[in-house]
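Observations on the model geometry
If you want the building blocks of each chain, they are given just below.
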Amino acid sequence: MPDQPAQTIDLMALLRVVWRRKWLLIIPVLVAGAAGFGISQTLAPVYEARSTIVVKVQERLSEGLAQIIGRSPAEEQLSRVQEKLKSRTFLLELVRTLDLAEDPAIRAWAEELNAQDPATSVEDLAQGKAVEGLQRRISVHRTSTDGFQVVVRDTDPDRATLLAQHITNAFVSSSNREQLEEIRAVYDFSIEQLVIYQQKLDDVEERLKQYRESQAVSVSIANPVNAANVGRVDILISQATVERDRAGERVNERRSDLMSVAGSAFTRLSTLESDLTTSYTQQLVELEREVASVLVLSTREGSEITTLYVSEVEKKDRYRQEARRLAAAAVPGAGADVVEAFVQYRIAGLEERMISERANVLGRFMRDYTRGRATAAGSQLEVRRLEQEVESTRALYDAFLQQTAAGQITEALEAARAGGRFEVLEPPVRPTAPVAPDKLMILVMSVFGGFVIGLGAILVSEQGDSSFKNIEEIEAAVGSPVLATIPASDVLRGISAREKKAKKKHRKKGGLPATGDSELLRHMVRETAVSFEFRRMARRIARGAGCDIPKSILVTSANRGEGKSTAAASLAITFAKHYGHRTVLVDCDLRKPRAHYLMGVASKPGLSDALERGNLLGTDIKPTKLPNLFVLPCGTRRDQPTWLLESMPGSRVMTELLASFDTVILDTAPNLPVPDAMILGGEVDGVVIVLRAGVTPREVVIRGVRLQKDEKDNVLGVVVNNLERVLPYYYDYRYYGYTADSCELEEEE
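Residues numbered from 1 in each chain as written. Predicted model: local features only at pLDDT ≥ 70, side-chain atom pairs only at ≥ 80, totals over all residues. Heavy atoms only, no water.

1. Thoughts on the nonpolar core
With 44 residues, the main nonpolar core has Leu258, Leu269, Val296, Phe342 and Leu362 as its most contacted residues. Breaking this core down by element, the ones donating at least two residues are helix H9 (230-262), helix H10 (266-270), helix H11 (275-297), helix H12 (303-330) and helix H13 (336-403). Of all the elements, H13 adds the most residues to this core, at 16 residues. What Leu362 contacts, discounting residues up to four positions off in sequence, is Val233, Leu236, Ile237, Ala240, Ala292 and Val296. (Core = buried A, V, L, I, M, F, W, Y, C linked by side-chain atoms within 4.5 Å. Buried < 20%, exposed > 50% of the residue type's maximum accessible area, 1.4 Å probe, protein only. Helix = DSSP H or I, 4+ residues; strand = E, 2+ residues; numbered from the N terminus. Contact = heavy atoms within 4.5 Å.)

Next comes the structure, spelled out in structure tokens:
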């Protein structure tokens, strides 16, 4: 199978997607940033007061007492400090000392809660609330192996300092008090232990005395183990133990196998037994005892051990045969797999019992050998053990006796007062600047969150967008070539915006001024990205028609707002200027006409008037300031425009247009809402369909192209608006080092 090329991420394509939907990113970032800024401004400033405490250890206890009392490592002491400072008991005492429960806000909360549930008093509720507040505002941090910091946060710097000071003083005082109490507790403990070890010492001395009196000579027990083979026996015991464990695992495995194949018959099979199986089992166990003895006495395997192994194999075979017979008789009709699983299970159990017996025999031999040696030197070992026990017990007794002396206890108490205390290294200082909130961090995190949300919105909208994104998709879907990709232009957008304002301004005056000049006309005669693209489009149309410009071209779209009228007007300007054709732009969109606005001519009389009378008059066709370019506007509005356009194919009006002009460009309504484009499309030489990339759903475009081709297969191709993402630098000729010289319309005249 050939290796497939690894898919790579086109970063430029991703950036273009983000740029195309930039407002989905900009708006969340701005909103989140504003929200973060607002939140940071509303949060109250938090101040932090710190005090540093160290464990001051001055070991002055005697060695004996220090060994008994012990000193907790600094690590353990500081861990207890952290627990104590956060404990409810310590904080409740602090709340009561400082009257923190009398805070008006806390009292109001407690009274409100007490009104709902009088079971708990207002005082207890207020104290509990104050303790919870302290637990959130107090923290302990390690600074070194023997030091830590108490950190208190509060919205009031003076209150934070006061709390830190009281917490530090209260902690140091209570800790030193607890240490003194601990020393006194150690003294009491020493007195108790002194009595206990006195009793232990008396008991051990009595046992030693009785043992010496009752000591008797032991008789050695004869067994195969001796000083020469004791090492070998130890190895044999270890091997037997390992084999027994493995045999036990095999029993469990065979049991699982039998359960899986026997099903409900497992219970009956597991209890099967006969006189023969019992006899074979006893014989094999007895053989294993003999094997154990031979293994102890033999340094290598000889004929005797071989004979025993052969006997074991023979008896195992007989055991298997009896087991098969029992299984077949107990479960009639049982399959061979059930019988075999039963036999394997029983053999595994038999082997486990045999190996266990061997291990027991070897262990008994070793114990007998050990006891035999003990009879010779056991009395001395026992005496020595009892003597050591007496010595250790007497040492502990003497230590407790020494440390309970009055002078030693006094020394311990003085040492506790002088050393092992907590000392304040740095008292709390009033903070001058707040430590929270971190407004910059809040703002940064808010902006980042908005950025993430914006990217998510872009990805979701991009996934849900069914519009076309590139030329290849369009050509593959509609089955027609892309004739032109028209970039978004500020000039074209400005024309549309000013057109709407002009309509409102001149509506009461009877229409726009008819000068034959327009902003679109002046833009298209210059060297611009839009004019260049329409020149390429005209060349493609000519090549597609065999180097001849089609006599009549219809321009439509699948939906409104695609830019078809601008495309039709721009194409007419291109043919008139660059090909010298007498070109007429016919506005067949009688519902929403735009040709007269785009070309700066009067809207009537025009096409509707000519179709009503059945012929063209000189006043119907309007000249423009560009030679060879004329406009047949929509004319007077009619109630039934489709019925009127149905008379146009084959009419005298169409005949006169084709006879008087080299090229006729028909601007029609979209072909999905109304059938005007399909009615006229069958009578023209070619049809151009306009779509807006990234906006129009592909289903709509495909449907519009199919309807037009169903009428007549004369679709020349597609014009795509707003497709800079395909060729981002294609339209900006200045990028390649060229500049355009303005070529005003007046210079062409």
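2. Considering the pattern of salt bridges
Counted under the stated rule, the structure contains 26 salt bridges. Across the pair Glu48 and Arg153 runs a salt bridge whose closest N-O atoms are separated by 2.8 Å. Remark: Arg153 occurs in strand E3 (residues 147-154) and Glu48 occurs in strand E1 (residues 47-56); sequence separation between them is 105 residues. With a relative accessible area of 14%, Glu48 lands in the buried category. (Salt bridge = Lys/Arg side-chain N within 4 Å of Asp/Glu carboxyl O.)

3. Some words on helix H2 (residues 22-42)
The end-to-end C-alpha distance of H2 is 30 Å, a good match for the 30 Å that 21 residues give at a rise of 1.5 Å each. Taken residue by residue, H2 has Leu25, Pro28, Val29, Ala32, Gly33, Gly36 and Ser40 as its buried positions. Each buried residue of H2 lies within a common arc of 130 degrees when the element is viewed along its axis, so the set occupies one face. Residues Trp23, Leu30, Val31, Ala34 and Thr42 are exposed on H2 and point more than 90 degrees away from its buried face. (Expected span 1.5 Å × (residues − 1). Arc of directions from axis to C-beta.)

4. A few points about unusual backbone geometry
Between Lys604 and the following residue, Pro605, the backbone shows a cis peptide bond with an omega angle of 0 degrees. In this structure, Pro605 sits in the loop between helix H21 (595-599) and helix H22 (607-613). Here Asn628, not a glycine, exhibits a phi torsion of approximately 75 degrees, which is positive. The residue Asn628 is located in the loop between strand E8 (622-623) and strand E9 (629-632) in this model.

5. Considerations on the sheet that holds strand E5 (residues 482-486)
Hydrogen bonds between backbone atoms are what pair the strands of a sheet, whose relative direction is either parallel or antiparallel. In space, the eight strands of this open sheet follow the order E5-E12-E11-E6-E10-E7-E9-E8, with mixed pairing throughout. Each end of this open sheet is capped by a strand with a single partner; those strands are E5 and E8. Where helix H16 (residues 471-478) meets the sheet, it contacts E5, strand E11 (686-692) and strand E12 (715-721), and its direction lies at approximately 145 degrees from that of E5. Strand contacts of helix H20 (residues 564-578): strand E6 (552-557), strand E7 (583-587), E9, strand E10 (663-667) and E11, with the helix running at about 170 degrees to E10, the strand carrying the most contacts. (Pairing = 2+ DSSP bridges. Axes fitted to C-alpha atoms, helices over the stretch in contact; angles between N-to-C directions.)

6. So, the pairing of E6
The buried count for E6 comes to six of six residues, which makes it a mostly enclosed element. Side chains Ser552, Leu554 and Thr556 project from E6 onto one buried face, and the interleaved Ile553, Val555 and Ser557 project onto a second face that is buried too. Here E6 runs beside E10; their pairing, made up of four bridges, is parallel. In the strand pairing of E10, Leu554 is matched with Leu666.

7. Structural notes on the packing of helix H5 (residues 88-98) against helix H7 (residues 122-137)
Their axes nearest at 9 Å, the elements H5 and H7 cross at an angle of 115 degrees. With respect to H7, the axis of H5 lies roughly perpendicular. Once H5 is placed against H7, the crossing between them reads as right-handed. For the pair H5 and H7, the contacting residues are Arg88, Leu91, Leu92, Leu94, Val95 and Arg96 in the first and Gln127, Gly128, Ala130, Val131, Leu134 and Gln135 in the second. For the contact of H5 with H7, the per-class residue count stands at seven nonpolar, three polar and two charged. (Parallel < 35°, antiparallel > 145°, perpendicular 65-115°, else oblique. Left-handed = near helix turned anticlockwise from the far one by under 90°. Nonpolar A, V, L, I, M, F, W, Y, C, P; charged D, E, K, R; others polar.)

8. Section: the pairing of E3
Across the eight residues that make up E3, a large majority, seven, are buried. Bridge analysis of strand E2 (residues 138-144) against E3 gives six bridges, and the strand direction is antiparallel. Opposite Ser139, over in E3, you have Val151 as the bridge partner. A loop of two residues connects E2 with E3, the two strands running antiparallel in sequence.

9. Comments concerning the environment of Ala247
Position of Ala247 among the secondary structure elements: in helix H9. Residue classification places Ala247 among the buried positions, given a relative accessible area of 0%. In this view, Ala247 contacts Glu352 and Ile355; residues no more than four positions away in its chain are not counted.

10. Remarks on the side chain of His581
Considering the arrangement of structural elements, one finds His581 in the loop between H20 and E7. Residue His581 is classed as buried on the basis of its relative accessible area, which comes to 18%. Among the polar contacts made by the side chain of His581, one reaches the side chain of Thr663 at a distance of 3.0 Å. In this view, His581 contacts Ile549, Phe575, Ala576, Asn628, Asp662 and Thr663; residues no more than four positions away in its chain are not counted. (Polar contact = N/O pair within 3.5 Å; in protein donor to acceptor, adjacent residues only side chain to side chain.)

11. Structural notes on the side chain of Glu562
Following the sequence through the fold, Glu562 ends up in the loop between E6 and H20. Although Glu562 is buried, it makes no salt bridge; Arg692 carries the closest opposite charge, 5.2 Å away. Side-chain polar atoms of Glu562 contact the backbone nitrogen of Arg692, separated by 2.6 Å. With near-sequence residues (within four places) excluded, Glu562 lies in contact with Ser557, Val690, Leu691, Arg692, Thr696 and Asn721. (Lys, Arg positive; Asp, Glu negative; His and termini not counted.)

12. What to know about the packing of aromatic side chains
Tallied over the entire structure, the rule returns two aromatic pairs. Considering the side-chain rings of Phe575 and Tyr579, the 5.9 Å spacing of their centres and the 65 degrees angle between planes classify their relative orientation as edge-to-face. Of the residues examined, Phe575 reaches a relative accessible area of 0% and is grouped as buried. We classify Tyr579 as partly exposed; its relative accessible area is 31%. One residue, Lys129, lies across the ring of Trp109, its end atom 4.8 Å from the ring centre. (Phe/Tyr/Trp six-rings, centres within 6.5 Å; stacked < 30°, edge-to-face > 60°. Lys NZ or Arg CZ within 6 Å of the ring centre and 35° of its normal.)

13. Description of a nonpolar patch on the surface
Together, Leu440, Met441, Val444, Met445, Phe448, Phe451 and Val452 make up an exposed nonpolar region whose accessible area comes to about 680 Å². Relative to the assigned elements, Met445 resides in helix H15 (residues 439-464). You can call Met445 partly exposed: its relative accessible area is 49%. (Patch = residues over 30% accessible without salt bridge, like charges linked within 9 Å, V, L, I, M, F, W, Y side chains within 5 Å. Areas by Shrake-Rupley, 256 points an atom, 1.4 Å probe, with all protein chains shown as cover.)

14. A look at H7
Here H7 is 16 residues long and its end C-alpha atoms lie 23 Å apart, about the 22 Å a rise of 1.5 Å per residue gives. Considered for burial, the residues of H7 that qualify are Val122, Leu125, Ala126, Gln127, Gly128, Ala130, Val131, Gly133 and Leu134.

15. A look at the environment of Thr515
With respect to the helices and strands, the residue Thr515 is situated in the loop between helix H17 (490-506) and helix H18 (519-524). The partly exposed category is assigned to Thr515, whose relative accessible area is 48%. For the pair Thr515 and Lys622, spaced 107 residues apart in sequence, the C-alpha to C-alpha distance is 9.9 Å.

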